[in-house]
Amino acid sequence: MNIAKKDLNLLLVFHVLYQERNASLAAERMALSQPALSHKLNKLRHQFGDPLFVRAPRGLTPTPRAHELAPQVQRLVGELEGFYERCDGQDFLGRVERLHLYSTDYIEQTLLPRLLPILRQQAPNLVLVTHNTRGQLPRDELEKGTCDLAIAGFYKDLPGTFHQQRLLSEDFVVLAAHDNPRLARGLDLQSFVACEHLITTLTGDLEGLVDRALQQRGLRRRIAAGLSSFVAPPRLLRGSDLLLTCLRSLAQEAVARDPELRMHPLPLELPRVEVMQIWHERTHADPLRSWFRRQVQAVAQAAD
């Protein structure tokens, strides 16, 4: 196969169409007219001997052949973009960009106080936009490019086109008011079960690691409220007999902010939470996003 007879610009057309799944959005992104994009798509189909993208009620649907080609094309486009940026001497830290981070308020509280000053100083044209993961991996957003990085401790069964890197490892502790009447003699398993509990639930599920560990012992706890935030629950503990099982860094932050709170060891054995950063193959070679991931890792290691 003679590469001289191939139009390599068609790889970019494929790359954008695969991300957008919409001809109008792809044409706008590449500053092409609709007829021009249709012409390039016809050339793409001829070059690969496959329809690649077929019309659907909500845009375009990739064919199995397109799904097969996508990881290789995305890698090639990323490498070519990086190559030309280096050749042109462009300063990628000066690019005007928005980076979209999907995470939780816990991660924002832990990382952003250190991360944001770095971004402002070294990449002044970069705007960071955060989104709540709502307890699920933002798979579609990562694949489409509307999410650049996802950070949480509950992502599992990642597709092969995703990369991951460990950022933090944390254990659980119990947070309570310093004058909680049920803890006058300390916190043991009996007093833990006797108290009512606050929990964080991003999906509405009121049963988690603690409850499953208690069930193995034939025990149950009573949930007073399930909240959608990691940061808010500690504020509800003062002057109550409620308990909150949370990550150690959250408890430390809460105790430092409110002297009316106390941190206790958890009277149960639970696995540590491994907080990971996740990104898609499509952004793996991009120099700005690669630099951003390195800053996140460095800040996380300092906080760990």
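Just above sits the structure.
These notes cover the structure that comes with them.

Quick notes on the rules
Residues numbered from 1 in each chain as written. Predicted model: local features only at pLDDT ≥ 70, side-chain atom pairs only at ≥ 80, totals over all residues. Heavy atoms only, no water. Helix = DSSP H or I, 4+ residues; strand = E, 2+ residues; numbered from the N terminus. Rg over C-alpha atoms; globule rule 2.2 N^0.38 Å. Buried < 20%, exposed > 50% of the residue type's maximum accessible area, 1.4 Å probe, protein only. Contact = heavy atoms within 4.5 Å. Areas by Shrake-Rupley, 256 points an atom, 1.4 Å probe, with all protein chains shown as cover. Lys, Arg positive; Asp, Glu negative; His and termini not counted. Charge placed at Lys NZ, Arg CZ, Asp CG, Glu CD. Polar contact = N/O pair within 3.5 Å; in protein donor to acceptor, adjacent residues only side chain to side chain. Axes fitted to C-alpha atoms, helices over the stretch in contact; angles between N-to-C directions. Parallel < 35°, antiparallel > 145°, perpendicular 65-115°, else oblique. Nonpolar A, V, L, I, M, F, W, Y, C, P; charged D, E, K, R; others polar.

This paragraph deals with the overall build of the chain. Along the backbone of the chain there are 10 helices and 12 strands. In terms of C-alpha radius of gyration, the chain reaches 24 Å, well past the compact-globule figure of 19 Å for 304 residues. With respect to the three principal axes, the spread of C-alpha positions in the chain is 80 × 40 × 30 Å. Looking at the chain residue by residue over its 304 residues, the buried ones come to 43%. Counting contacts in the chain only where the partners sit at least 6 residues apart, residues at least 24 apart contribute 76% of the total. A total of about 16,500 Å² of accessible surface is found on the chain, and carbon and sulfur atoms cover 49% of it. Taking the 38 positively charged and 35 negatively charged side chains of the chain as two groups, their mean positions are separated by 3 Å.

Here we come to the environment of Asp105. One can find Asp105 in helix α5 (residues 105–122). With 60 residues separating them in the primary sequence, Asp105 and Arg45 have C-alpha atoms 45 Å apart. Setting aside anything within four residues of it in sequence, one finds Asp105 in contact with Ser229, Phe230 and Val231. Polar side-chain contacts of Asp105 include one of 2.4 Å to the side chain of Ser229. Here Val231 takes part through its backbone nitrogen, which lies 3.3 Å from a polar atom of the side chain of Asp105.

What follows deals with the packing of helix α1 (residues 9–20) against helix α3 (residues 34–48). Packed helix pairs are characterised by how far apart their axes lie and by the angle those axes make with each other. Look at α1 against α3: their axes get within 10 Å of each other, and the N-to-C directions meet at 105°. Comparing their axes, α3 and α1 come out roughly perpendicular. Counted together, Leu10, Leu11, Val13, Phe14 and Leu17 of α1 and Leu37, Lys40, Leu41, Lys43, Leu44, Gln47 and Phe48 of α3 form the full contact between these two elements. In terms of residue class, the contact of α1 with α3 is built from 9 nonpolar, 1 polar and 2 charged.

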